[in-house]
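Chains, contacts and geometry: an overview
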There are 2 protein chains.
Amino acid sequence: MNRSDQLIQRIITSVEDLPGERPLNERLVQGIKDLIFRGELIPSTRLPSSRDLALGLGWHRSTVVQAYRKLVAAGWADSGVGRGTFVKQQQESATPLREPFTWAEVIRQDEGLYEMERVLSRNVALPDGASPIRLSGAIPDLRLFPMEDLAEVLNETLRLRGPQALGYGPTEGLTMLREEIAGRLSRQGTPARADQILIVQGSQQGLDLVVRRIVRPGECVAVESPTYSQALALFRNLGVRLAPIPLDEEGLRVDILETVAAREKIRLIYTMPTFQNPTGLTQSVERRRALLDLAARKGIPILEDHFDAELRYEGEPVPTLKALDTRNQVILLGTFSKILFPGLRVGWVAAPEPVYDSLSRLMRAVAISTSLLSQIVMAEFCAQGLLDRHLDRVISIYAQRRKALLDGMNEYFPPEAGWTNPQGGMTLWVTLPPGLNSVAVTMEARRRGVSVAPGPLFFVEGGHRNLSLSSTAEPSDRLKQGIRILGDILYEGAAGEKGWSGKKSEAGPLL
Amino acid sequence: MNRSDQLIQRIITSVEDLPGERPLNERLVQGIKDLIFRGELIPSTRLPSSRDLALGLGWHRSTVVQAYRKLVAAGWADSGVGRGTFVKQQQESATPLREPFTWAEVIRQDEGLYEMERVLSRNVALPDGASPIRLSGAIPDLRLFPMEDLAEVLNETLRLRGPQALGYGPTEGLTMLREEIAGRLSRQGTPARADQILIVQGSQQGLDLVVRRIVRPGECVAVESPTYSQALALFRNLGVRLAPIPLDEEGLRVDILETVAAREKIRLIYTMPTFQNPTGLTQSVERRRALLDLAARKGIPILEDHFDAELRYEGEPVPTLKALDTRNQVILLGTFSKILFPGLRVGWVAAPEPVYDSLSRLMRAVAISTSLLSQIVMAEFCAQGLLDRHLDRVISIYAQRRKALLDGMNEYFPPEAGWTNPQGGMTLWVTLPPGLNSVAVTMEARRRGVSVAPGPLFFVEGGHRNLSLSSTAEPSDRLKQGIRILGDILYEGAAGEKGWSGKKSEAGPLL
């Protein structure tokens, strides 16, 4: 075979390798482009004459001529009368050579992750040495964890299941755990089936999956204002726009959402209707129905975050949005981390069937599956009644702590301060006396050994007059001690003795 | 206060709440827009006269007039001579009401996740009952796991660390584990520091983080062709374009990448230079240097996937790209899952400092942290020498299995079949005799109790003449038995006895 025949043969093979149905001339264009793309046809190579190639392909010559014209028009080839058709030299990218390589040019910018989140992230580090009084963060008290139960469950798991417990698990999650979660939800009044439950590596991953499946960068998500700080961080990273909707004592202001939705195309509503983070507020049933009605009229899916809804200290449970949902448009997001073992990273998503498959495929692509050992442990804790036993215990303890926190605030806080009084959950929401800035208060509190979370962490913008306080992570006496210190700071600040408010740079290590 | 004064007061508060420095008239525009946005200024409300509002704000009247003009121009307000300025009725979205709500309209489409991946995903399910001979998937043999060591480490961890082992961990990962990984890498010739190691929930999550940080949807990633199937699934889900670059015996064809990079702006090169998945091929040092040189000239970061590089059965180790990298442009991705306990979901990313912080912030936003218990277990396995002991053991076992697989293919496969002969790793790559289709072969093999992975899983397009075979998951006798069955299928197919190739619909449950 001479060179021209070889080239014809290569083009024929390339055309024959193409999948699908297309007009012949387009197949030829694609086949030649593929050869160029793969570097097998280099610039300045003369393409076979249209006659020879048509003979080789067994096609009409006009088909080849047409394909060559398209290649020239698209900039892949050059032609001149009597010279034939040539593979065109492609222009080098106009980007100058980089020497040395710089990451700044290739990293996608952080979307609004700011220094304050770094401050909060230090809260999450393992304590070493002296530990501050922790009034920040929706976290359970590790000291209450039933460690003997855990040791028993782990040893039993290794003994009975052997190495299978340490392999890759199914993407959707362990069937036994999905059944336990579905049963739990159903008993609590939210009918659910195991095949609607997707197990994820903590509800944060569930949030990521749902938003990625439903919202594109630049599209708009309605969030409560204030809302969960790490949801804000995630939304910013995903490049979605946010429509912050205020709350009142009955929860999300559906009337304001209505106004916003008239102006903006809202792609998703992210809400924590029960014991909202950070305010602790619970949405009334009437408000929930109004929200579902609005969402149905506008065709907006709802992501309901159920993270601490089981921690009720008083009052009657309110049905979940999912339980009230007659149109199958609510995705429910849950986690065990607020009750037990956040270090196991087990959360779940309860999703209607059409979105379930889509979420499950994404889960597989981004994470393969959730830790199987973690899932088995949580499933056994559910099945053996250990989770409920622990839940009963922490509810009574957390209720006392909540009371201690409220008593402390009544006793030690200036009368100009205000706060929410939730019936459950992990956090409540303080409005500072006028003139005080929450970040300055936070920094001063940390200097005095008390960790609180400043308002701006929870807002799209603003929040300087608020603090979030958590009542779950410390025993009552420590909570009260922390509130007393915080009260001193507020009194000093309100009295104008705010020497501390300018000392930000002296803070040193915060925790 | 009358209504007009109340309104003026509300506007003043809204303007005063605005952060940052802006011209006065723009502050006023924003302040009023915020009130409308929040639903506090409803349509048809008459705005205060410019004179009254200017008095209230203590500004020049012309500033207010200017702001009102801007509001009218932007469609937020209407005005008429002598009538004043009014909040404009916003148009309802043109989208018709949806009744009932339909998920199909709100789910982002899967990007190229096809039925075949579903077939593969079944491989990952926990076996129940009779198990097929597993020649598919880069997975370790669970039966070799040192379960007694694990039980000891777990009990010791619970005893010594108590509930702290079950809390939220630091986002970057447990310091002890990061030090162990950095030390391991350094001893193996890839200098690394603990503060460059980010612990992730399996290397799949690391891949997701890196690509999200560096590549936007629509931008182009160069991948080996064939490449890791779940990387393809991830890339498709992220909506990035792919430039598939062929391999030869020395690995990635850098010359072809050069041609492609001249035409396309490549944002990232994803490569597995050692024991590539699925081919098992290892890139030569010369080729690695050429790749680094190209990447430096073009300013393209490299993501080096190190997943099974420690599983070397023969020959001398080749330095990682990261070890050869003088320009700090390689991110190294690793996992323990190919050696030990994939069910713990622990992987890691070794990243240069500028990109490290960015990845760590994204990790926090999408996952909070990796399972702390899993991290402690892996750290103790490293520190106590249990990982290396296990590695030594499985390397000798997997080397025998690889030999059994190769012997089996030499004995039972038709001479027209070809395959790679890697010096390590988990998989090798078969080219089928002409005329055979890999999907049809795969389906028939499954019917006969043998699980293999068909070529198209690993290609952007094509691959119908290839199979990926794994030699790690089964003992030698089962591997040989599987190869014998597969050999029968290939002989029957090559001889034209392909009755089975059309039976796809009868397959029933595949595993």
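Starting from 1, residues in each chain are numbered consecutively following that chain's sequence as written. To read the labels, note that chains go from A and ligands from 1, taken in the order they are written. Per-residue local features are limited, in this predicted model, to residues with pLDDT of at least 70; the limit for side-chain atom pairs, both in listing and counting, is 80 or more; totals at the level of whole chains, interfaces and linings are taken over all residues. The side-chain figures draw on all heavy atoms in the structure; neither hydrogens nor water molecules are used.

Named according to an unreviewed UniProt entry, chain A is PLP-dependent aminotransferase family protein originating from Eiseniibacteriota bacterium. UniProt positions are given in the numbering used here, feature names are shortened, and annotations may be inferred rather than shown by experiment. Regarding chain A, the UniProt comment filed under Cofactor (unreviewed entry) reads as follows: "pyridoxal 5'-phosphate". The Subunit (unreviewed entry) field of the UniProt record for chain A holds the comment "Homodimer."

With that settled, consider the pairing of strand β5 (residues 220–225) of chain A. Residues and elements named next belong to chain A. Each residue's exposure class comes from its accessible area (1.4 Å probe, protein chains only) as a fraction of the maximum for that residue type: buried when under 20%, exposed when over 50%, partly exposed otherwise. Secondary structure elements follow DSSP: runs of H or I of four or more residues count as helices, runs of E of two or more count as strands, with numbering from the N terminus. Summarising burial for β5: six of the six residues are buried, a large majority. Pairing between β5 and strand β6 (residues 241–248): six bridges, direction parallel. Within the sheet, the bridge partner assigned to Ser225 lies in β6 and is Pro246. For a crossover, the right-handed case is the one in which the path from the first strand over the helix to the second runs clockwise, viewed with the strands pointing away from the viewer. Handedness of the β-α-β unit built from β5, helix α9 (residues 229–238) and β6 comes out right-handed. By the bridge criterion, four bridges tie β5 to strand β8 (residues 266–271) in an arrangement that is parallel. What sits directly across from Val221, in β8, is Leu268. Following DSSP output, two strands are said to pair if at least two bridges run between them.

The subject of this paragraph is the pairing of strand β2 (residues 84–87) of chain A. Residues and elements named next belong to chain A. Side chains Thr85 and Val87 project from β2 onto a buried face, and the interleaved Gly84 and Phe86 project onto a face without burial. Alignment of strand β1 (residues 77–80) against β2, held across four bridges, turns out to be antiparallel. Directly across from Gly80, in β2, lies its bridge partner Gly84.

On to the sheet that holds strand β16 (residues 466–470) of chain A. Residues and elements named next belong to chain A. If you walk across this open sheet you meet the four strands as β12-β13-β16-β15, and the pairing is antiparallel. Because the sheet does not close on itself, it has two edges, and the strands there are β12 (418–419) and β15 (453–454). Relative to β16, strand β13 (residues 427–431) is paired through five bridges, and the arrangement is antiparallel. Within the sheet, the bridge partner assigned to Trp429 lies in β16 and is Ser468.

What follows covers the environment of Leu207 of chain B. Residue and element names in this part refer to chain B. Note that Leu207 resides in helix α8 (residues 203–214). Residue Leu207 is classed as buried on the basis of its relative accessible area, which comes to 1%. In this structure the C-alpha to C-alpha distance between Leu207 and Ile302, which are 95 residues apart in sequence, comes to 12 Å. Every residue pair with non-hydrogen atoms within 4.5 Å of one another is taken to be in contact. Apart from the residues within four sequence positions on either side, Leu207 is in contact with Ala231, Leu234, Phe235, Tyr270, Leu303 and Leu333.

Time to look at the sheet that holds strand β4 (residues 197–200) of chain B. Residues and elements named next belong to chain B. Read from one edge of the open sheet, eight strands run β4-β11-β10-β9-β8-β5-β6-β7, paired in mixed fashion. A single partner strand is all that each edge strand has here, and the edge strands are β4 and β7 (251–252). Bridge count between strand β10 (residues 330–335) and strand β11 (residues 347–350): four bridges; the pairing is antiparallel. When the sheet's bridge partners are listed, Gly334 is paired in β11 with Trp348. Relative to the sheet, helix α10 (residues 254–263) contacts β5 (220–225), β6 (241–248), β7 and β8 (266–271), its axis offset from that of β6 by approximately 155 degrees. Helix axes use the C-alpha atoms of the stretch in contact, all axes being lines fitted to C-alpha atoms, and the angles between their N-to-C directions lie in the range 0 to 180 degrees.

Time to look at helix α7 (residues 175–187) of chain B. In a helix, the anticipated span is given by 1.5 Å times the number of residues less one. Its 13 residues give α7 of chain B an end-to-end C-alpha distance of 18 Å, which sits within 8% of 18 Å, the value for a rise of 1.5 Å per residue. Looking at the buried residues of α7 of chain B, the elements they touch are β4, β10, β11, α13 (353–367), α14 (372–383) and α15 (386–412) of chain B.

The next thing to look at is the side chain of Arg178 of chain A. Residue and element names in this part refer to chain A. Within the secondary structure, Arg178 is located in helix α7 (residues 175–187). We count Lys and Arg on the positive side and Asp and Glu on the negative side, and we leave His and both chain ends out. Each reported salt bridge corresponds to a side-chain nitrogen of Lys or Arg within 4 Å of a carboxyl oxygen of Asp or Glu. Here Arg178 is buried and forms no salt bridge, its nearest opposite-charge partner Glu172 lying at an N-O distance of 5.2 Å. Among the polar contacts made by the side chain of Arg178, one reaches the main-chain carbonyl oxygen of Ala194 at a distance of 3.4 Å. The residues contacting Arg178, other than those within four sequence positions of it, are Glu172, Gly173, Ala194, Asp195, Ile197, Ile199 and Tyr356. Here a polar contact is taken to be a pair of N or O atoms separated by no more than 3.5 Å, where protein atoms must pair a possible hydrogen donor with a possible acceptor and residues adjacent in sequence count only if both atoms sit in side chains.

Take helix α4 (residues 61–73) of chain B next. Residues and elements named next belong to chain B. A rise of 1.5 Å per residue sets the reference length of α4, with its 13 residues, at 18 Å; its end C-alpha atoms lie 19 Å apart and thus fit the reference within 8%. Regarding α4, the residues found buried are Thr63, Val64, Ala67, Tyr68 and Leu71. Looking straight down α4, one finds its buried side chains confined to an arc of 135 degrees; they lie on one side. Turned more than 90 degrees from where α4 packs its buried face, Ser62, Arg69 and Ala73 sit exposed. Where α4 terminates, the next one or two residues include Gly75, which has phi positive at roughly 85 degrees. For this quantity, the arc is that covered by the directions from the helix axis to the C-beta atoms.

All names here are of chain A. Here the structure, examined in full by the defined rule, presents 45 salt bridges over all chains. Where Arg184 meets Asp388, a salt bridge forms, and the shortest distance between an N and an O atom there is 2.9 Å. Residue Arg184 is found in helix α7, and its partner Asp388 is found in helix α15 (residues 386–412); the two are separated by 204 residues along the sequence. Each of the salt bridges in this network shares a partner with another, and the network as a whole consists of Asp141, Arg143, Arg401, Glu474 and Arg478.

The next subject is the packing of aromatic side chains. Any two of the Phe, Tyr and Trp rings considered here, Trp counted by its six-membered ring, make a pair once their centres fall within 6.5 Å; the pair's planes then place it as stacked at under 30 degrees, edge-to-face at over 60, or tilted in between. For the structure shown, the criterion picks out twelve aromatic pairs over all chains. When the ring of Trp429 of chain A is compared with that of Phe459 of chain A, the centres are 5.9 Å apart and the planes differ by 45 degrees; the resulting orientation is tilted. Of this pair, Trp429 of chain A sits in strand β13 while Phe459 of chain A sits in the loop between β15 and β16, and the two are 30 residues apart along the sequence. For the ring pair Phe235 of chain B and Tyr270 of chain B, a centre distance of 5.7 Å and an interplane angle of 70 degrees mean the geometry is edge-to-face. One end of the pair, Phe235 of chain B, is in helix α9 (residues 229–238); the other, Tyr270 of chain B, is in strand β8, with 35 residues separating them in the sequence. Here Tyr270 of chain B falls in the buried class, since its relative accessible area comes to 0%.

Time to look at unusual backbone geometry. With an omega of 15 degrees, the peptide bond running from Asn277 of chain A to Pro278 of chain A counts as cis. You can see Pro278 of chain A is positioned in the loop between β8 and α11 (285–298). Residue Ser225 of chain B is joined to Pro226 of chain B through a cis peptide bond whose omega torsion reads 10 degrees. Checked against the element boundaries, Pro226 of chain B lands in the loop between β5 and α9. Although it is not a glycine, Asn328 of chain A sits at a positive phi angle of roughly 65 degrees. Its place among the elements puts Asn328 of chain A in the loop between α12 (321–324) and β10 (330–335). For Phe341 of chain B, which is not glycine, the phi dihedral falls at a positive 50 degrees. With respect to the element layout, Phe341 of chain B can be found in the loop between β10 and β11.

On to the packing of helix α10 (residues 254–263) of chain A against α11 of chain A, then. Residues and elements named next belong to chain A. Orientation of α10 relative to α11, taken along the N-to-C sense of each, is 10 degrees, at an axis distance of 10 Å. Here α10 lies roughly parallel to α11, going by the angle between them. Of the two elements, α10 crosses α11, and the hand of that crossing is right-handed. Listed contacts from α11 to Val254, Leu257, Glu258, Ala261 and Ala262 of α10 are Arg287, Ala290, Leu291, Leu294, Arg297 and Lys298. Along the lines of polarity and charge, the residues of the contact of α10 with α11 split into seven nonpolar, no polar and four charged. Here the angle decides the label: under 35 degrees means roughly parallel, over 145 means roughly antiparallel, 65 to 115 means roughly perpendicular, and every other value means oblique. By definition, turning the near helix anticlockwise from the far helix through less than a right angle yields a left-handed crossing, and turning it clockwise yields a right-handed one. All amino acids are sorted into three groups, where Ala, Val, Leu, Ile, Met, Phe, Trp, Tyr, Cys and Pro are nonpolar, Asp, Glu, Lys and Arg are charged, and the leftover types, Gly among them, are polar.

Here we take up the environment of Leu238 of chain A. Mapped onto the secondary structure, Leu238 of chain A falls in helix α9. With a relative accessible area of 13%, Leu238 of chain A lands in the buried category. The spacing of Leu238 of chain A and Asp208 of chain A is 30 residues in sequence and 8.6 Å in space, taken between C-alpha atoms. Beyond its immediate sequence surroundings of up to four residues, Leu238 of chain A is in contact with Asp208, Val211, Arg212 and Pro217 of chain A together with Arg212 of chain B.

Residue and element names in this part refer to chain A. Here pLDDT means the predictor's own confidence in every residue, given as a number from 0 to 100. Of all residues in chain A, 88% attain a pLDDT of 70 or more, and the chain-wide mean is 87. Contacts for the low-pLDDT stretch residues 91–99, under 50 throughout, to residues beyond four places or in other chains number twelve contacts. Below pLDDT 50 for its whole length, residues 123–127 participates in 15 contacts with residues either more than four positions away or in separate chains. If you check the scores for this complex, the pTM reads 0.79 and the ipTM reads 0.78.

Residues and elements named next belong to chain A. Across the interface, helix α1 (residues 3–16) lies against helix α3 (residues 50–57) with an axial gap of 10 Å and an inter-helix angle of 55 degrees. Classified by the angle between their axes, α1 and α3 sit oblique to one another. In this structure, α1 meets α3 at a crossing whose hand is right-handed. Contact residues: α1 offers Ile8, Ile11 and Ile12, while α3 offers Asp52, Leu53, Gly56 and Leu57.

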